[in-house]
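Reading the structure
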Amino acid sequence: VNETTRAGRSGSISSPPHQVVDYSQKVDVNPPKGTRDFPPEEMRLRNWLFQNFKEVSQLFGFEEVDYPVLESEALYIRKAGEEIRDQLYCFEDRGNRRVALRPELTPSLARLVIQKGKSVALPIKWFAVGQCWRYERMTRGRRREHYQWNMDIIGVPDVTGEAELISSIVTFFKRIGITPKDVGFKISSRKVLQEVLSFYSVPESLFAKACIIIDKMGKIPMEEIKKELELVELSKDAIEDLLQVLTIKSLTELEEKLGGTGEAVSELKQLFSLAEKFGYSEWIQFDASVVRGLAYYTGIVFEGFDREGKLRAICGGGRYDRLLSTFGGDDLPACGFGFGDAVIIELLKERGLLPELPLEIENIVCSLDPNLQGAAAMVATVLRGKGQRVDLVLENKPLKWVFKRATRINARRLILVGSAEWEKGMVGVKILSTGEQYEVNVDELQ
Ligand SMILES: Nc1ccc(Br)nc1
C-alpha cells in the first residue's frame, strides 16, 4: 500500500515503522521511559509475588482469566474527570481505530462478562494478573506500567462479596509476612456521600464527579477541592456538610449523623460484623474519607494502607453495581479490587521482608573430553527426565571455569563425564558443598 492509497482513507495516516535504521547511532539499550526490564533476579521476585497472588486466588476458589493489553479506547471514556482518563495511553491504529493500552482490568472483565452473557453461571469469581498502562508526562518521573492483581465477584449483591475479597487480601498479606501492625484497610461506602448529597437534592448525575473531586483530598489544597465542588454546582452548605462527614472515623458517629435506617450504615455494620467472623477485625477501620478515584464505584470502597504513612495506597477496591450497563449490558451486582506490583515491594523492602530467592540449579553436567559432549547430553537428558534441573556445559571448558560456573548457579552436584568412567557406563559425581566424590552408574543417578 503506498502513501497515496493510505492518504485516500479518512483519518490520520498512521506512520509505518521506520524503514531505514541508522547503524551509526547506538540503539538506546534502556527500556522506554516509565517501563521496566525484569532481568533474572527481578523476575524471580516478580514470579514469587505473582505466585502468591495466584495461590491465594485459587485458595478462594477463583478462576484465572486474562484479556488483551490493547482494548478499544471506548472502554475508558468516562466523563467524571478521572486521572485514569487524563493519562490514557491511547492512539489510532493502522485501521484508524481508537485503541488504548488498558489502564486497569475491570472494564475488560465487564466486557467479557457481557460477551459471555447467560453462558456463564453466577456468581462469577475471576482473578487476573495483568500489565496496565498510563501515559503520564515524565516530569513526575513516575512509572507508566505496572502489573495489577485483580479479584472480582459478579452476581453477589450483599457485602459478603466485599468481606470475602478483603479476606483474600488479608490472607495474601499473612502469607508474605505482613501483619496488621504493618498495614490496615480503610473502609467506607459511597452511599455515605450519596445520602449526604441527596439530602441537598444533588442530582445523581453529579455523584461520580463529586466522588472524583473528593478523592483528591490530601493530594490538592482543600480550597481547590471546594472550588471544584462549587464548579459541579454543589451549594456551600452541601460542601461544608460533605467535608464534615468525611472526617468521621467511627460507625457510631456516622450513625448519629446519617441516622440508622440508611443502607450506608447498615451495610458497613454488616461488613464489620462479617470481618469478626473472618477473623480480620484488627486489620480494618471505618474512615469516611475513603472514596477511591474510579467513577464506577457505587457502594463499599476500601483501600490497603501502610500504617507508617510513607507509601501510596497498596491496593483498593469496592462495589460497582452499574458498570455493565455503561457498556450496554444488563447490570449485575459486582465488586472487586486492584493490587499493584510496585508499592507492595517497596513495603517489603521497608520492612526487611523481601524473600531470598537464589538461583538454584541442582546439577551441572560437563564432559572432560570434547568427544564426550554427546555422552554429556545423554546424561543431562536422563537427569532432566527425572525432573532434575541441569545446566549442561555446552562448550569444551577448563574445569576451573566449570567450578566457577557451578558456584554462580548454586549447583549442588557436578556430574563429570570422563572417558574411563563412561566406558564402564559410569559418571563421576562431586557434591560441591562437601567435596565428597564418587562414581555411579548413569541409570542409578537420582
Ligand atoms: N492505572 C495505572 C496504570 C499504570 C500505572 Br504505573 N499506574 C496506574
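First, a word on what this report is: a plain description of the structure on this page. (Residues numbered from 1 in each chain as written. Predicted model: local features only at pLDDT ≥ 70, side-chain atom pairs only at ≥ 80, totals over all residues. Heavy atoms only, no water.)

1. Overview of the pattern of salt bridges
Within the structure shown, the criterion is met by 31 salt bridges. Between Glu55 and Arg175 there is a salt bridge whose closest N-O contact spans 2.2 Å. Of this pair, Glu55 sits in helix α2 (residues 40-59) while Arg175 sits in helix α5 (residues 160-175), and the two are 120 residues apart along the sequence. The partner of Glu303 in a salt bridge is Arg292, with the nearest N and O atoms 2.9 Å apart. Linking Glu303 in strand β9 (residues 300-306) with Arg292 in the loop between β8 (284-286) and β9, this pair joins segments that are 11 residues apart in sequence. A relative accessible area of 16% means that Glu303 is categorised as buried. Through salt bridges with shared partners, a single ionic network connects Arg36, Glu145 and Asp341. (Salt bridge = Lys/Arg side-chain N within 4 Å of Asp/Glu carboxyl O. Helix = DSSP H or I, 4+ residues; strand = E, 2+ residues; numbered from the N terminus. Buried < 20%, exposed > 50% of the residue type's maximum accessible area, 1.4 Å probe, protein only.)

2. Focus: the layout of surface pockets
Here the second largest pocket defines a volume of roughly 540 Å³. For the lining of the second largest pocket, the secondary-structure elements that each account for two or more residues are α6 (190-199), α7 (207-214) and α12 (323-326). Considering only residue class, the lining of the second largest pocket consists of 11 nonpolar, 5 polar and 7 charged. (1 Å grid on protein atoms, 1.4 Å probe; cavity = no way out; pocket = protein on both sides within 12 Å on 5 of 7 lines; lining within 4 Å. Points joined across faces, edges and corners; volume = space filled by probe spheres on them. Nonpolar A, V, L, I, M, F, W, Y, C, P; charged D, E, K, R; others polar.)

3. What to know about the packing of aromatic side chains
Tallying each qualifying case throughout the model produces 20 aromatic pairs. Where Phe50 meets Tyr147, the ring centres are 5.5 Å apart and the plane angle is 50°; that geometry is what we call tilted. Of this pair, Phe50 sits in helix α2 while Tyr147 sits in strand β6 (residues 145-154), and the two are 97 residues apart along the sequence. Both residues of the pair, Phe50 and Tyr147, count as buried. Taking 5.6 Å as the distance between ring centres and 45° as the angle between the ring planes, the aromatic pair formed by Trp149 and Phe339 counts as tilted. Taken as a pair, Trp149 in strand β6 and Phe339 in strand β11 (residues 334-340) lie far apart in primary sequence, 190 residues in all. Each member of the pair, Trp149 as well as Phe339, is classed as buried. Here the aromatic cluster, defined as three or more aromatic residues joined through ring pairs, consists of Phe38, Phe50, Phe53, Tyr147, Trp149, Phe172, Phe173, Phe185, Trp283, Phe337 and Phe339. Directly above the aromatic system of Tyr147 lies the positively charged group of Arg46, at a separation of 4.2 Å from the ring centroid. (Phe/Tyr/Trp six-rings, centres within 6.5 Å; stacked < 30°, edge-to-face > 60°. Lys NZ or Arg CZ within 6 Å of the ring centre and 35° of its normal.)

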